Amino acid sequence: MMLLRVLQNTFATLAKAWWRIWFAPSTTAPLELARIGIGAALVSHYALATPYLSAFWGDAGWMPRQLLEKEYDSKLVQSLLFHVTAPWQLVAFHFVFLICCLALMLGWRTSWVKWLVLIGQISFDHRNPMFFYGVDKILAGLLLILCFAPIGRALSLDRVRAIRAAKRVSLAATVPVYQSEWTGACIRLMQIQMVVLFFYSSISKMAGDDWRSGEAVWTVFTTDEHYSPFILSVLASHYWLVNLATYGTVLIEVAYCFLIWQRGTRPYLLGAALFLHAQFAFLMGLFYFSFVMMMGHMSFIRPEWLARLGAWWKRRIGAMEMIYDGRCGFCVRSMAWFLAFDALGQITVRDFRNHPSAVVSDAEMEKALYLVLADGRALPGFEAYRHVVLRVPGLWWQIPFFYVPVFSRLVGRPLYDWVAANRSRLSSMMLKAEYKPQQ
């Protein structure tokens, strides 16, 4: 019985540790950063290939369809582009894929668009194996993990839609931050993938004579692909930099595999890995590869780091209170849409009909919305929105509309004044549009 009890306790301890390693509840923030970056990388990468579609993936290009039979001897290798027979179909497939990549980056309909991106990426890879190299394998693995992960719950338009729906019922409503055990498992899978990549990269380097002798970096910049007279002249004058860069690269990759897991050393190893890939990008021109790898490293970002960063930003900007007309349906809907992008909760709202402001009079509120700042200033209408979009990260995409010199104020102020003067009519039009289908 004592032996049985010991075995039972040991098994319970191991099961608890296993569950803590794989299924610790987590928010999706690290995966969302990877999603945004991978989507942006795909959009830029394939957008640059648009003028060369027929040459890269067409039947009249570098890899005609009949040659694929010699390249692939397995029926398991499939691609949607195997079934494309006309140039217009290739163009249509390409632009639909670009739209899906953009949707993945923005987090729009993420639950199903992520699968379309994975299928499209694999289809392009298999259609022309001449372009298939390491980064495509890494990218496919990261996309597969994202497909099984519950992404789109933060830093996404899907999150904005959920918050807007809640705030249309009540502007004071909040949507709790999503977290789950399965999210933690998907984050762990991505972390393990990045560690395995660095581990095999480091041991393959250590097997090479030029890496062991400390001359690999010099060899890289003497090749035709990465030849750079300026870099070679600098390295020749200071050859110790060659040894430092060569051994430093291997050291970072080896140390990453073992020290990235510890809480105290994770920030340093994460910074070193990002710095290493930045060097690959700017010195060797491997921008696509480096950026994809950086996004994989985002899985090691701790959600509490992002929470502390958000809290610091919120304190730095200070309190902002928007005072609106609660009887105006158009105003309430506009406020719900606007607040949906305020993920940090920087803006508080006040309905002056029910809670009059001590700073702005009711007569002024009848004319325009007001923003009251921590220092007591009150900004009306267009100036209120202009102040907010620069200080709320979720609204930064509106900066070009509000900060074009001269033009923004020249057009924005009259436009806002017209909307404010006709808000009752706009509210009636919105109500008619909403209830007309029901009637």
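Structure first, text after, so check above.
Let me sum up the structure you'll find in this document. Predicted, not measured: the structure shown is a model, and the values here were computed from it.

### What about the overall build of the protein?
In step 1: Regarding its fold elements, the protein presents 22 helices and six strands.
In step 2: For the C-alpha atoms alone, the extent of the protein along its principal axes is close to 80 × 75 × 60 Å.
In step 3: Here the protein holds 439 residues, and the buried ones make up 42% of them.
In step 4: Sequence separation of at least 24 residues holds for 73% of the intrachain contacts in the protein that already meet a minimum separation of 6.
In step 5: When the 41 basic and 27 acidic side-chain charges of the protein are each reduced to a single mean position, those positions are 9 Å apart.

### Quick word on the pairing of strand β3 (residues 320-324)
In step 1: Judged by how many residues are buried, β3 sits mostly within the fold: five of five residues are covered.
In step 2: Burial of β3 is two-sided: the residues M320, M322 and Y324 facing one way and the residues E321 and I323 facing the other way are all buried.
In step 3: Judged from the five bridges that link them, β3 and strand β4 (residues 347-351) form a sheet pairing that is parallel. Its bridge partner being in β4, M322 is matched across the sheet by V349.
In step 4: Between β3 and its parallel partner β4, the chain crosses via helix α17 (residues 329-339), and the hand of that crossover is right-handed.
In step 5: As paired strands, β3 and strand β5 (residues 370-373) are joined by four bridges and run antiparallel to one another.

### A short note on the packing of helix α19 (residues 381-389) against helix α21 (residues 407-421)
In step 1: The contact between α19 and α21 brings their axes to 8 Å, and the two run at 125°. The orientation of α19 with respect to α21, classified from their angle, is oblique. Note on element contacts: α21 touches α19 through S408, R409, G412, R413 and Y416, opposite G381, F382, E383, Y385 and R386.
In step 2: Here the residues of the contact of α19 with α21 sort into three nonpolar, three polar and four charged.

### Concerning a nonpolar patch on the surface
In step 1: A surface patch of nonpolar side chains, about 710 Å² in accessible area, is lined by I192, V196, F199, Y200, I203, M206, F258 and L259.
In step 2: Of all the secondary-structure elements, those providing two or more residues to the nonpolar patch are α9 (181-206) and α13 (240-259).
In step 3: With six residues, α9 is the single largest residue contributor to the nonpolar patch.
In step 4: Within the fold, V196 resides in helix α9.

Rules behind the numbers
As a convention, each chain's residues are numbered from 1 in the sequence order in which they are written. Given that the model is predicted, a residue must reach a pLDDT of at least 70 before its local features are reported, and side-chain atom pairs must reach 80 or more before they are shown or counted; all residues, however, enter totals for whole chains, interfaces and linings. Side-chain numbers here rest on the full set of heavy atoms in the structure, without hydrogens or water. Only DSSP runs of H or I reaching four residues or more are called helices, and only runs of E reaching two or more are called strands; each is numbered from the N terminus. Relative accessibility under 20% of the residue-type maximum defines a buried residue, over 50% an exposed one, and the middle range a partly exposed one, all with a 1.4 Å probe and only protein chains included. In this analysis, two residues are considered to be in contact whenever any of their non-hydrogen atoms come within 4.5 Å of each other. Positive charges come from Lys and Arg alone, negative charges from Asp and Glu alone, with His and the N- and C-terminal ends not counted. Note on charges: their place is set at NZ of Lys, CZ of Arg, CG of Asp or CD of Glu. Here a strand pair is declared whenever DSSP counts at least two bridges between the two strands. Whether a crossover is right-handed depends on one test, that the path from the first strand over the helix to the second runs clockwise when the strands point away from the viewer. Between N-to-C directions, angles span 0 to 180 degrees; the directions come from axes that are lines fitted to C-alpha atoms, helices contributing only their stretch in contact. Any angle that is under 35 degrees is reported as roughly parallel, and any over 145 degrees as roughly antiparallel; angles of 65 to 115 degrees are reported as roughly perpendicular and all others as oblique. Here the term charged refers only to Asp, Glu, Lys and Arg, the term nonpolar to Ala, Val, Leu, Ile, Met, Phe, Trp, Tyr, Cys and Pro, and the term polar to all other amino acids, Gly among them. For patches, a residue must show more than 30% relative accessible area and have no salt bridge; joins then use 9 Å for like charges and 5 Å for nonpolar side chains, namely Val, Leu, Ile, Met, Phe, Trp and Tyr. For accessible areas, the Shrake-Rupley method is used with a probe of radius 1.4 Å. Any residue's cover is judged against the shown protein chains and nothing else. Take a side-chain nitrogen of Lys or Arg and a carboxyl oxygen of Asp or Glu: if they are within 4 Å of each other, that pair is a salt bridge.

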